[in-house]
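Overview (structure and organization)
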Amino acid sequence: MEGSRATPFQTAEPRVDLVVVAEMVEPGSRVLDVGCGDGELLQLLAEERNVDGRGIELSQHGVNDCVAKGLSVIQGDADTDLVDYADDSFDYVILSQTLQATRHPRLVLEHMLRIGKRAIISVPNFGHWRVRAQLAFRGRMPVTQNLAYSWYDTPNIHFCTIADFVALAHEIGATTDRSVALDRHGNPLQVTLPTWAWNLLGEQAVFLLHRKRG
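Every value quoted in this text rests on a predicted model; they were computed, and no experiment measured them. (Residues numbered from 1 in each chain as written. Predicted model: local features only at pLDDT ≥ 70, side-chain atom pairs only at ≥ 80, totals over all residues. Heavy atoms only, no water.)

A look at the environment of E26
Among the secondary structure elements, E26 is positioned in the loop between α1 (16–23) and β1 (30–34). E26 sits in the exposed class, given a relative accessible area of 51%. Along the primary structure E26 and V51 are separated by 25 residues, whereas in three dimensions their C-alpha atoms are 8.2 Å apart. (Helix = DSSP H or I, 4+ residues; strand = E, 2+ residues; numbered from the N terminus. Buried < 20%, exposed > 50% of the residue type's maximum accessible area, 1.4 Å probe, protein only.)

Here it is as structure tokens:
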């Protein structure tokens, strides 16, 4: 039927972690999305938060997808290119599900906090009980819905848990303004739970950080 034809960029519901990220961004802000992929988050932020958004993406295919959607995205590498951005260039710098795939996560996070007044980072949790159980009882590197790659083709080169990220943020002097851990269904865990419980039950987490300026 003519009326059921899909539009060129008709998509499914956005990933739940991207919705959580978007809710942390003030409307009208200047945003840099690092490792923006096909631009799903940038598009969501433009539509729902009216941001002035920019993106940096390693893959040419991802850049092409973003440009086709009318997004302002350049090709670049988080590990090497963030150094070129001036201090406080953006209100928010975002890195979604990508920190564990960078070569120098600490340096990337430090640059994000330098470039942006706030940084938003979402990370998969390698400390989730299903991950632990697969390694303990099957003796195999874990594959889950949220960590869907086999050991030989995974882009993840640093295996980070929620507790690991909390420790890193503390180590570099970052202040956590807000944090949300999500279970396997995308439901937020209780904020009153201790870190060890988030680390056991959360499949991923989202953090809003800032760093004191000297």
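Next comes the rest of the account.
Here's the deal with the nonpolar core
Within the largest apolar cluster, 31 residues are counted, with the highest numbers of intra-cluster contacts made by I121, F165 and L209. For this core, the secondary-structure elements that each account for two or more residues are β1, β4 (90–96), α5 (105–115), β5 (116–124), α7 (162–171), β6 (174–182) and β7 (204–211). With five residues, α5 is the single largest residue contributor to this core. Ignoring anything within four residues of it in the chain, the contact list for I121 reads L95, L99, L109, M112, F165, A205, V206, F207 and L209. Residues V25, V31, V51 and L182 belong to the second largest nonpolar core, which totals 18 residues. (Core = buried A, V, L, I, M, F, W, Y, C linked by side-chain atoms within 4.5 Å. Contact = heavy atoms within 4.5 Å.)

Remarks on helix α3 (residues 60–68)
Among the residues of α3, those classed as buried are G62, V63 and C66. Looking straight down α3, one finds its buried side chains confined to an arc of 100 degrees; they lie on one side. (Arc of directions from axis to C-beta.)

That's the geometry; what it means functionally is another story.
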